[in-house]
Amino acid sequence: MNPYVLMILLSSLGLGTTLTFASSHWLLAWMGLEINTLAIVPLMAQHHHPRAVEATTKYFLTQATAAAMILFASTTNAWMTGEWDLNNMSNPIASTMVITALALKIGLAPTHFWMPEVLQGLDLLTGLIMSTWQKLAPLALIMQTAQAIDPLLLTALGLTSTLVGGWGGLNQTQLRKILAYSSIAHMGWMIIILQYAPQLTLLALGTYIFMTSAAFLALKMSSTTKISTLTMTWSNSPILTTTTALVLLSLGGLPPLTGFMPKWLILQELTKQNLPISATIMALAALLSLYFYLRLCYAMTLTISPNTINSTTPWRIQTTKTSLPLTISTTIALGLLPMTPAILTLAT
């Protein structure tokens, strides 16, 4: 892609998200979401592959539907209350419509069906943008309107998403689909705690972004998109394989890795709020997710592809790809757990 065009598209992505962050008016928020969607569509379709075009079409249709619903809900709210303000969603029909539309935007279950299909059709870097940056604007709107939304609805969305994210990833062989279901499950964790401790939602979002970035960049570095090709990575680059396996375990939420921190604090907060059943379901759903991450780790580190190599295995494979973003995100995704007290002090 032409670097000038790429610069314009990436600037528009940033502009769309910033507009939504800064807005207190529904029309401005909607405009930001639209700019965001229109900026990523050419990035998705840049390879002119039938699967990429199909994924782009699916993504565009779902996002356009969600944007239309947001516009309809905000107009309804303005009609009923005379207010276009984000924080004044006093009409229950409008607030339910808004949360449904925003759930469709970020791929929360039960409106998640587009997400694995779309992510499967994209290359890893565009998939990374879709899994991280594209979640920010809708999540900012959800956080601003959360107080007007029925708590039962938020809890149901959170529980459904973690369960669907756990169950859906079990049977997959494609790594991008596994990461899509992982994303759905993590969104569930963020949404369920939103009404009780919004700072924990932000913490979970931050750790999720770093862990997912590390996972996508590691797969990009080893040019891997299927479990079967994952088995060949150990003989190519043992250090990269080791850190990738640890990043996946961090995504699953195993101590002593960073991914354990948000899960631990969210379960603690749910217990404090006297919601032991929700906390138990969330913990069991996390075990489902952990199973498919362990499957990937097993394929990477404990099975070696049946190929005979007569030459000596290089300890560190020489590459021309830039590895600084991968190094930074991997370090954060693995070693932040000891910082928990400091992060808690900052968050409260």
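Residues numbered from 1 in each chain as written. Predicted model: local features only at pLDDT ≥ 70, side-chain atom pairs only at ≥ 80, totals over all residues. Heavy atoms only, no water.

Trainee: Mind laying out the overall build of the protein chain, listing which residues take part and the relevant values?
Mentor: Scanning the protein chain for helices and strands turns up 17 helices and zero strands. Based on the C-alpha atoms only, the size of the protein chain along its principal axes is roughly 75 × 50 × 35 Å. When the 348 residues of the protein chain are sorted by exposure, 51% land in the buried category. Contacts spanning at least 24 positions in sequence make up 79% of the contacts within the protein chain whose residues lie at least 6 apart. In the protein chain, 13 side chains carry a positive charge and 8 a negative one; their mean positions are 19 Å apart. (Helix = DSSP H or I, 4+ residues; strand = E, 2+ residues; numbered from the N terminus. Buried < 20%, exposed > 50% of the residue type's maximum accessible area, 1.4 Å probe, protein only. Contact = heavy atoms within 4.5 Å. Lys, Arg positive; Asp, Glu negative; His and termini not counted. Charge placed at Lys NZ, Arg CZ, Asp CG, Glu CD.)

Trainee: Account for the UniProt feature "domain: NADH:quinone oxidoreductase/Mrp antiporter transmembrane" (unreviewed entry) in the protein chain, naming residues and giving values.
Mentor: With numbering matched to this structure, UniProt assigns "domain: NADH:quinone oxidoreductase/Mrp antiporter transmembrane" (unreviewed entry) to residues 23-288. Along residues 23-288, the helical share is 77% and the strand share 0%, with 38 Å between the first and last C-alpha atoms. (UniProt positions renumbered as here; feature names shortened; annotations may be inferred.)

Trainee: Tell me about the pattern of salt bridges, and please be specific about residues and values.
Mentor: The final tally for this structure, using the stated rule, is three salt bridges. A salt bridge links Lys 58 to Glu 54; its shortest N-O distance comes to 2.9 Å. Remark: Glu 54 and Lys 58 occur in helix α3 (residues 50-81); sequence separation between them is four residues, near one turn of the helix. According to the relative accessible area criterion, Glu 54 is partly exposed, its value standing at 42%. Glu 117 is paired through a salt bridge with Lys 177; the nearest N and O atoms lie 3.7 Å apart. With Glu 117 in helix α5 (residues 114-120) and Lys 177 in helix α9 (residues 175-193), this residue pair connects regions lying 60 residues apart in the sequence. For Glu 117, a relative accessible area of 37% translates into the label partly exposed. The class of Lys 177 is buried, set by a relative accessible area of 17%. Salt bridges sharing common partners tie together Glu 54, Lys 58, Glu 117 and Lys 177. (Salt bridge = Lys/Arg side-chain N within 4 Å of Asp/Glu carboxyl O.)

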